[in-house]
Amino acid sequence: MALYQINKGINKPIEFKGLKAQYIGYLAGGLVALLIGFAIIYLLGVPVHYCIMIVAALGSALFYQVFKLSHKYGEHGLMKKAAKHYIPNHLKFTTRKVFLNLKK
């Protein structure tokens, strides 16, 4: 008789420190943008102390916003909210052809 291990984490969303699904990608993209922003600000001649303060403030805001969105909307909620904008409020037909061609 063979023993099989059961993977109990199947079909669960990816989670890292409380962040779920696509929010991990949003945070990673934001951190890369902050790194590039730091390099650009430094190359423009801004003193390092100011660069660090600016990036630290923006990084804190990024973490706060991403965690807030993750807890508010969950795994698929943000995509569902964005999809609601594509649902029409009403339909307008100028002819009766649509209704006459319906099959029972």
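Residues numbered from 1 in each chain as written. Predicted model: local features only at pLDDT ≥ 70, side-chain atom pairs only at ≥ 80, totals over all residues. Heavy atoms only, no water.

**Student:** I tried to follow the UniProt feature "transmembrane region" (unreviewed entry) in the chain on my own but got confused; where do I start?
**Tutor:** Annotation from UniProt places "transmembrane region" (unreviewed entry) at residues 21–41 and 47–67. Helix makes up 95% of residues 21–41 and strand makes up 0%, while its end C-alpha atoms are separated by 31 Å. A helix fraction of 95% and a strand fraction of 0% characterise residues 47–67, whose end C-alpha atoms lie 30 Å from each other. (UniProt positions renumbered as here; feature names shortened; annotations may be inferred. Helix = DSSP H or I, 4+ residues; strand = E, 2+ residues; numbered from the N terminus.)

**Student:** How should I be thinking about the packing of aromatic side chains in this particular structure?
**Tutor:** Between two aromatic rings, the relevant description is the distance of the centres plus the angle of the planes. Tallied over the entire structure, the rule returns 4 aromatic pairs. Judged by centre distance (6.4 Å) and plane angle (10°), the ring pair of phenylalanine 38 and tyrosine 42 falls under stacked. Linking phenylalanine 38 with tyrosine 42, this pair stays in helix α1 (residues 22–43), spanning 4 residues, or about one helical turn. On the accessibility criterion, phenylalanine 38 (26% relative accessible area) is partly exposed. Residue tyrosine 42 is classed as partly exposed on the basis of its relative accessible area of 43%. On the basis of an interplanar angle of 75° and a centroid distance of 5.4 Å, the ring pair of phenylalanine 93 and phenylalanine 99 is categorised as edge-to-face. Classification of phenylalanine 93 by relative accessible area gives partly exposed; the value is 44%. (Phe/Tyr/Trp six-rings, centres within 6.5 Å; stacked < 30°, edge-to-face > 60°. Buried < 20%, exposed > 50% of the residue type's maximum accessible area, 1.4 Å probe, protein only.)

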